[in-house]
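# Close look at the chain arrangement
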Amino acid sequence: QVQLVESGGGLVQPGGSLRLSCAASGSICSINTMGWYRQAPGKQRALVASITSPGWTYYADSVKGRFTISRDNAKNTVHLQMTSLKPEDTAVYYCWLYCGTSSSAYWGQGTQVTVSS
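Note that the coordinates shown come from a computational prediction; the quantities given were computed from them, not determined experimentally. (Residues numbered from 1 in each chain as written. Predicted model: local features only at pLDDT ≥ 70, side-chain atom pairs only at ≥ 80, totals over all residues. Heavy atoms only, no water.)

### Section: the sheet that holds strand β1 (residues 2-7)
- In spatial order, the strands read β1-β3-β8-β7; together these four strands make up an open sheet with antiparallel pairing. The two strands at the open ends of the sheet, each matched to only one other strand, are β1 and β7 (67-72). Mean inter-strand twist for the sheet, computed between neighbouring axes without regard to direction, equals 15 degrees.
- Pairing between β1 and strand β3 (residues 18-26): six bridges, direction antiparallel. Bridging from a neighbouring strand, valine 2 pairs with glycine 26 of β3. (Pairing = 2+ DSSP bridges. Helix = DSSP H or I, 4+ residues; strand = E, 2+ residues; numbered from the N terminus. Axes fitted to C-alpha atoms, helices over the stretch in contact; angles between N-to-C directions.)

Structure representation (structure tokens):
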């Protein structure tokens with residue numbers, strides 16, 4: 001099994017920054033994709049950003065130019081640097097790991113990000 005533990009959420013003013021981190025442990029496949037989803041109240045969970053083991057990245061249009069995803073393969077961690085935060089970024093952010101070889105997906109418990117003045 002794989003465990004994902006997030007940290008770094010909180011309350012920030014519009015225009016501010018936050019850094020989310022996620023540490024993976026357990027039986028982690030060597031080739032994987034890690035990323036962040038978010039879910040706002042009344043909305044579906046949606047992919048925000050992802051990064052593959054070699055470092056290929058994807059960003060949702062709504063966060064391009066403001067968020068940066070990175071990972072440390074040696075430490076099995078993934079980070080999401082969020083800048084120029086907007087109220088519409090308010091959501092619960094979930095860390096996600098996907099193993100293509102087994103088609104298995106794992107989720108963290110979620111961390112709240114609130115952007116408000």
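### Looking at the state of the cysteines
- Counted according to the given criterion, the structure contains two disulfides.
- Between the sulfur atoms of cysteine 22 and its disulfide mate cysteine 95 the distance is 2.0 Å. Where cysteine 22 bonds to cysteine 95 through sulfur, the torsion about that S-S bond is close to -85 degrees, and the disulfide is left-handed. With cysteine 22 in strand β3 and cysteine 95 in strand β9 (residues 91-99), the pair connects residues that are 73 residues apart, well separated along the chain.
- Take cysteine 22: its relative accessible area is 1%, and that puts it in the buried class.
- Of note for the protein chain: the bonded cysteines, numbered N- to C-terminal, pair according to 1-3, 2-4. (Disulfide = S-S within 2.5 Å. Buried < 20%, exposed > 50% of the residue type's maximum accessible area, 1.4 Å probe, protein only.)

### Description of the pattern of salt bridges
- Evaluated as defined, the whole model comprises three salt bridges.
- Residue aspartate 89 is joined to arginine 38 by a salt bridge in which the shortest nitrogen-to-oxygen separation is 2.9 Å. Residue aspartate 89 is located in the loop between β8 (77-82) and β9, and its partner arginine 38 is located in strand β4 (residues 32-39); the two are separated by 51 residues in the primary sequence.
- Overlapping salt bridges bring together Arg38, Arg66 and Asp89 as one network. (Salt bridge = Lys/Arg side-chain N within 4 Å of Asp/Glu carboxyl O.)

### Side note on the pairing of strand β10 (residues 104-107)
- Burial of β10 is one-sided: the residues Ser104 and Tyr106 facing one way are buried, the residues Ala105 and Trp107 facing the other way are not.
- The sheet contact formed by β9 and β10 spans four bridges and is antiparallel. By the bridge assignment, leucine 97 is partnered in β10 with tyrosine 106.
- Between the end of β9 and the start of β10, which pair antiparallel, lie four residues, with serine 103 showing a positive phi angle near 55 degrees.

### Let's talk about the packing of aromatic side chains
- Tallying each qualifying case throughout the model produces three aromatic pairs.
- Aromatic side chains tyrosine 37 and tryptophan 96 sit 5.4 Å apart centroid to centroid with 75 degrees between the ring planes, which places their arrangement in the edge-to-face category. With a gap of 59 residues between them, tyrosine 37 in strand β4 and tryptophan 96 in strand β9 connect regions that are remote in the sequence.
- Ring plane angle 15 degrees and centroid distance 6.1 Å describe the contact between tryptophan 96 and tyrosine 98, whose orientation is recorded as stacked.
- Here arginine 45 stacks its cationic end above the ring of tyrosine 94, 3.7 Å away from the centre of that ring.
- Cation over ring: arginine 45 sits above tryptophan 107, and NZ or CZ is 4.7 Å from the ring centre. (Phe/Tyr/Trp six-rings, centres within 6.5 Å; stacked < 30°, edge-to-face > 60°. Lys NZ or Arg CZ within 6 Å of the ring centre and 35° of its normal.)

### What about the nonpolar core?
- If you look at the biggest cluster of nonpolar residues, it comprises 31 residues, and the most contacted ones within it are Leu4, Trp36, Leu80, Met82 and Tyr93.
- Elements with a minimum of two residues in this core: β1, β3, β4, β5 (46-52), β7, β8, β9 and β11 (111-115).
- When residues of this core are assigned to their parent elements, the largest contribution, five residues, is made by β9. (Core = buried A, V, L, I, M, F, W, Y, C linked by side-chain atoms within 4.5 Å.)

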